[in-house]
Amino acid sequence: AAVPARLWGSRSRCTGRLELLFAGTWGSVCAEGWDLAAARVLCRQLGCGRPRLVPVPCSPAAAGASPAVLQQVQCTGQEPALEHCILQPGHASSCS
């Protein structure tokens, strides 16, 4: 099933904080497993070219993030969209 994604909190649709629509809820993704390969897949899915920056999860940009809906995302970087990656559901309480 498709996993809609958006970058939120910026004037550009290709920058901002990642949120995914997972099980009917828009939420954030835990940093565990999120890397440049996953960012490549996201940018491909959104039609945003190549990723230039993957901020650290505890940066000020992460403040005020929506509750986590995914504990882990594992991508090789070759997938056409995030739903083709390994997605492990999770909750804010399990996210450090």
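About the thresholds
Residues numbered from 1 in each chain as written. Predicted model: local features only at pLDDT ≥ 70, side-chain atom pairs only at ≥ 80, totals over all residues. Heavy atoms only, no water. UniProt positions renumbered as here; feature names shortened; annotations may be inferred. Core = buried A, V, L, I, M, F, W, Y, C linked by side-chain atoms within 4.5 Å. Buried < 20%, exposed > 50% of the residue type's maximum accessible area, 1.4 Å probe, protein only. Helix = DSSP H or I, 4+ residues; strand = E, 2+ residues; numbered from the N terminus. Contact = heavy atoms within 4.5 Å. Disulfide = S-S within 2.5 Å.

Looking up the protein in an unreviewed UniProt entry gives the name Deleted in malignant brain tumors 1 protein, with the organism given as Spheniscus mendiculus. You can read under Subcellular location (unreviewed entry) in the UniProt record for the protein the words "Secreted".

K.L.:
It is not clear to me how the nonpolar core should be interpreted in this structure. Could you clarify?
P.N.:
Within soluble globular proteins, side chains that are nonpolar tend to cluster in buried spots. In this structure, Leu 18, Leu 20, Trp 34, Leu 42, Val 73 and Leu 82 are the most contacted members of the largest nonpolar core, which totals 20 residues. Looking at this core, the elements that each hand over two or more residues are strand E1 (5-8), strand E2 (17-22), helix H1 (36-46) and strand E4 (68-74). In terms of residues, this core owes the most to one element, H1, which gives 6 residues. Dropping the residues within four chain positions of it, Leu 20 is found in contact with Val 3, Pro 4, Ala 5, Thr 25, Trp 26, Gly 27, Val 29, Val 69, Leu 70 and Leu 82.

K.L.:
Got a minute to help me understand the state of the cysteines in this structure?
P.N.:
Taken as a whole and assessed by the stated rule, the structure comprises 2 disulfides. Between Cys 14 and Cys 48 runs a disulfide, and the two sulfur atoms are separated by 1.9 Å. Disulfide Cys 14 to Cys 48: torsion about the S-S bond roughly -80°, handedness left-handed. Here Cys 14 is found in the loop between E1 and E2, whereas its partner Cys 48 is found in the loop between H1 and E4, with 34 residues between them in sequence. Overall, Cys 48 belongs to the buried group, its relative accessible area being 17%. The disulfide partner of Cys 75 is Cys 85, and the gap between their sulfur atoms is 2.1 Å. Between Cys 75 and Cys 85, the disulfide has an S-S torsion of 110° and is therefore right-handed. Of the two residues, Cys 75 sits in the loop between E4 and strand E5 (86-89) while Cys 85 sits in the loop between E4 and E5, which places them 10 residues apart along the sequence. What makes Cys 75 buried here is its relative accessible area of 12%. On the accessibility criterion, Cys 85 (8% relative accessible area) is buried. Here Cys 43 is not disulfide-linked; the sulfur of Cys 48 is the nearest cysteine sulfur, at 5.9 Å.

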